[in-house]
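A look at the structure
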Amino acid sequence: MNNPEKTGGHNPASITTPKGAEAPDTSPDGSEQQVEPRITIAEDLLERPESAPGAVSGASAKLVTKDMHFFYGDFRALRNISIEIPENRVTAIIGPSGCGKSTLLRCFNRMNDSISGARLQGQVLFNNMDLYAPGVDPTEIRFRIGMVFQKPNPFPKTIYDNVAFGPRINGFKVDMDQLVEESLRRAALWDEVKGRLKDRALTLSGGQQQRLCIARTLAVQPEVILMDEPASALDPVATQAIEDLIRVLTQRYTIVIVTHNIQQAARISHRTIFMTMGDDRAGFVVETGETRQVFTVPKDERTEAFITGRFG
Amino acid sequence: MARNRRARRLSEGTIHTLLLLCALVSIITTVGIVVTLLTESVNFFRQVPVWDFISGTRWTPNFADQSFGVLPLIGGTLLVAVGASIVALPVGLATAIFLSEYAPDRLRRVLKPALEVLAGIPTVVYGYFALTFITPNFVRFLNPDAAVFNAFSAALVMGIMIIPMVSSLSEDAMAAVPRSLRDGAYALGANRLQVSLRIVVPAALSGIIASFILAISRAIGETMIVTIAAGAVPNLTANPFEGVQTMTAYIAQTSLGDTPQGSIEFLTIFAVAMTLFVITFLLNIVANLVVRRYREVY
């Protein structure tokens, strides 16, 4: 990790002030991590996430789904999803292939909108605002709820332009050089690329590309970051770097991560949502809870079977 | 067994030779054209100094007072080609963006072939459309003093004709841009126009420029529309409402006339054709350089 203290020294709200940049302050929860997030970054790295006191019960829900169903045409992909995503925590969504984890994730930033025939029933609330209410602008949502994809997808531009892309299209009036540096630092990539910001992003390694994609997302100062198997295309060393990064990012951001890797979910998440699918192939939630609880004393035998590797 | 295998090897060889011959047809033809152009042009330039040809501003090979300055023909060609490009490139690119980024699948499946029908209309039809409809109804409306034969209507109609060439090829290039790039931009809060202009178009730029070059080459080489609608008077002008003669129109006119073979008038055809060839060739080289410079590899 590069120099987290220095990174933490800058207040993002001082560079740009998109709405919600001070998300931690709005939390009613008084846990230590949230009061002094900028100084405790390094210590947090040493801490097991589960050891955070009152991790979930006290934290307010950033994202909530209520009786949500999702359809691709006539096919019901998700059935009756009612979950809460706590603020400033890492929530992992695990489950067997094809159970709708990614579909669920993409409901949170309306990335399913562009799929013809896609339809959502029920409610998805973000800061208690219905994301699917008429008149809601999906681009505004995606600007506040960022997303990192399974395969690194840097734009075929320079490293600098990749990070500056989001701020530019959203009309940020800022010192762009500073914002780019800040974002790359937070994504733990600055030290590796500071001498070659004008190089093409595709000259980076896979792991660097993925961290660049995270930096790109951080540059627009989102409140939530959705990650769709962000390390599945990476080697173990790069995966380690991404996991370290996720732990640090929890200080400021609410993170929802879909992963195929059960150990990864156990390592980095505070809360775990276990999904599976029924005979009609519709995905549904079996169990949600503290990661430690879900992994040590699962309430449902299907969860236990999945975690212990007996199915999926 | 052994005989069977030998027979098969023999037929493989035959097919190989046949396919090679087919490939050679186009190569041999090209070489033949270039050689003919070169030898006849050399004959022409034995009688007319190259510099007089390139820099002269009067083209009057059929008059008693012969003059072989090719600039009026080049000027006419460029005037029409530039006019056609002004119409076709933006409209074609906008059409491609619409087809690739905005149109729902079903609409695209109808619209794209419908557009390509435009390219299938015989050019002679376009020529008469320009002369008998566009000139009296549209060009004269813009400028009542416009000549009956004018560069404007030829350029406009030719532009419309090459729109599908630009839109179809550009759309292919844009459709080849990976969906993951669009997703990445949408996930940052980009709207459709921003994704189109800042991600898709730059990523597809080499294909888009290739389509531009092809369209411009087509405009430069197009003969029938300009022969019918643009006039037959070599005229060095930048005014699109005047009549002009393009290089292609001159070649068509002279080839159809009773020009005696071997005469200097006859040889002008090859000199002009050679000029045309060199111009399109240079255009292709420039295009390649541009593409290499601005290409965004993904």
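What you are looking at is a predicted structure, and each value in this text was computed from that prediction instead of being measured. (Residues numbered from 1 in each chain as written. Chains lettered and ligands numbered in written order. Predicted model: local features only at pLDDT ≥ 70, side-chain atom pairs only at ≥ 80, totals over all residues.)

So, the overall build of chain B
On a plain count of helices and strands, chain B comes out with 12 helices and 0 strands. Listing every helix and strand of chain B by position from the N terminus yields α-α-α-α-α-α-α-α-α-α-α-α. Its C-alpha atoms give chain B principal-axis dimensions of roughly 70 × 70 × 35 Å. Evaluated residue by residue, chain B yields a buried proportion of 40% over its 298 residues. Pairs at least 24 residues apart make up 73% of the contacts formed inside chain B by residues separated by at least 6 positions. (Helix = DSSP H or I, 4+ residues; strand = E, 2+ residues; numbered from the N terminus. Buried ≥ 20, exposed ≤ 12 C-beta atoms within 10 Å, placed from the backbone. Contact = placed C-beta atoms within 7 Å.)

Quick word on the overall build of chain A
Assigned secondary structure in chain A consists of 14 helices and 11 strands. The burial tally for chain A puts 48% of its 312 residues in the buried class. When contacts within chain A are restricted to residue pairs at least 6 apart in sequence, those whose partners lie at least 24 apart make up 72%.

Observations regarding unusual backbone geometry
Backbone geometry at Asn 88 of chain A places phi at a positive 55°, although glycine is not the residue there. Mapped onto the secondary structure, Asn 88 of chain A falls in the loop between strand S3 (84–86) and strand S4 (90–94).

Notes on the pairing of strand S2 (residues 75–81) of chain A
Residue and element names in this part refer to chain A. Two strands pair when backbone bridges link them, and strand S1 (residues 61–72) and S2 are joined in this way by 4 bridges, in the antiparallel orientation. Looking at S2, one finds that Phe 71 is bridged to Arg 76. Connecting S1 to the antiparallel partner S2 that follows it, the hairpin turn spans 2 residues, and Gly 73 within it adopts a positive phi of roughly 60°. (Pairing = 2+ DSSP bridges.)

Describing the nonpolar core
Core analysis: the biggest nonpolar cluster contains 154 residues, and Val 256 of chain A together with Val 80, Ala 154, Val 157, Met 158, Ile 162 and Ala 229 of chain B have the highest contact counts within it. When residues in this core are grouped by element, the largest group, 15 residues, is from helix H6 (residues 151–175) of chain B. Excluding anything up to four places from it in sequence, Ala 229 of chain B contacts Gly 127, Ala 130, Leu 131, Thr 135, Phe 149, Ser 153, Ala 154 and Val 157 of chain B. (Core = buried A, V, L, I, M, F, W, Y, C linked by C-beta atoms within 7 Å.)

Comments concerning the domain arrangement of chain B
Often the size quoted for an interface is simply the accessible area lost on bringing the parts together. Residues and elements named next belong to chain B. Taken domain by domain, chain B consists of domain 1 (2–47) and domain 2 (71–294). On a C-alpha basis, the centres of domain 1 and domain 2 stand 31 Å from each other. Between domain 1 and domain 2, the residue contacts involve 6 residues of the former and 8 residues of the latter. Among the residues making up the side of domain 1 that touches domain 2, the classes are represented as 2 nonpolar, 3 polar and 1 charged. (Domains from an automatic or database assignment. Nonpolar A, V, L, I, M, F, W, Y, C, P; charged D, E, K, R; others polar.)

Thoughts on the interface of chain B and chain A
On the chain A side, the residues contacting the 19 residues of chain B number 24 residues. When residues of the side of chain B that touches chain A are traced back to their parent elements, those giving at least two are helix H7 (179–186) and helix H8 (192–203) of chain B. Of the residues forming the side of chain B that touches chain A, the biggest block, 5 residues, is contributed by H7 of chain B. Here the side of chain B that touches chain A is built from residues that sort into 10 nonpolar, 5 polar and 4 charged.

Describing helix H7 (residues 159–169) of chain A
Of all 11 residues that make up H7 of chain A, 8 are buried, and the element is covered over most of its length. Along H7 of chain A, the residues that are buried comprise Ile 159, Asn 162, Val 163, Ala 164, Phe 165, Gly 166, Pro 167 and Ile 169 of chain A. Where H7 of chain A is buried, its residues touch helix H8 (176–186), helix H9 (190–193) and helix H10 (206–218) of chain A together with H8 of chain B. Directly after H7 of chain A, the chain includes Gly 171 of chain A, whose backbone phi takes a positive value near 70°.

What to know about the packing of helix H11 (residues 247–256) of chain B against helix H12 (residues 264–294) of chain B
Residues and elements named next belong to chain B. Two elements in contact, H11 and H12, have axes whose closest approach is 10 Å; the angle formed by their N-to-C orientations is 155°. The angle between H11 and H12 places the two elements in the roughly antiparallel class. The chirality of how H11 crosses H12 is left-handed. Of the residues in H12, those in contact with Met 247, Tyr 250, Ile 251, Thr 254 and Ser 255 of H11 are Glu 265, Thr 268, Ile 269, Val 272, Ala 273, Thr 275 and Leu 276. Of the residues contributing to the contact of H11 with H12, the split by class is 7 nonpolar, 4 polar and 1 charged. (Axes fitted to C-alpha atoms, helices over the stretch in contact; angles between N-to-C directions. Parallel < 35°, antiparallel > 145°, perpendicular 65-115°, else oblique. Left-handed = near helix turned anticlockwise from the far one by under 90°.)

Structural notes on the confidence of the model for chain A
Put simply, chain A has an average pLDDT of 82, and 80% of its residues get 70 or more. Under a pLDDT of 50 for its full length, residues 1–58 of chain A has, in the predicted model, 89 contacts with residues more than four places off or in other chains. (pLDDT = per-residue confidence, 0-100.)

A few points about the environment of Pro 86 of chain A
Position of Pro 86 of chain A relative to the elements: it lies in strand S3. Here the alpha-carbon distance between Pro 86 of chain A and Ser 205 of chain A, two residues 119 residues apart in the chain, equals 33 Å.

With respect to H6 of chain B
For H6 of chain B, with 25 residues, the first-to-last C-alpha span of 35 Å sits near the 36 Å given by 1.5 Å per residue. H6 of chain B sits mainly inside the fold: 22 of its 25 residues count as buried. (Expected span 1.5 Å × (residues − 1).)

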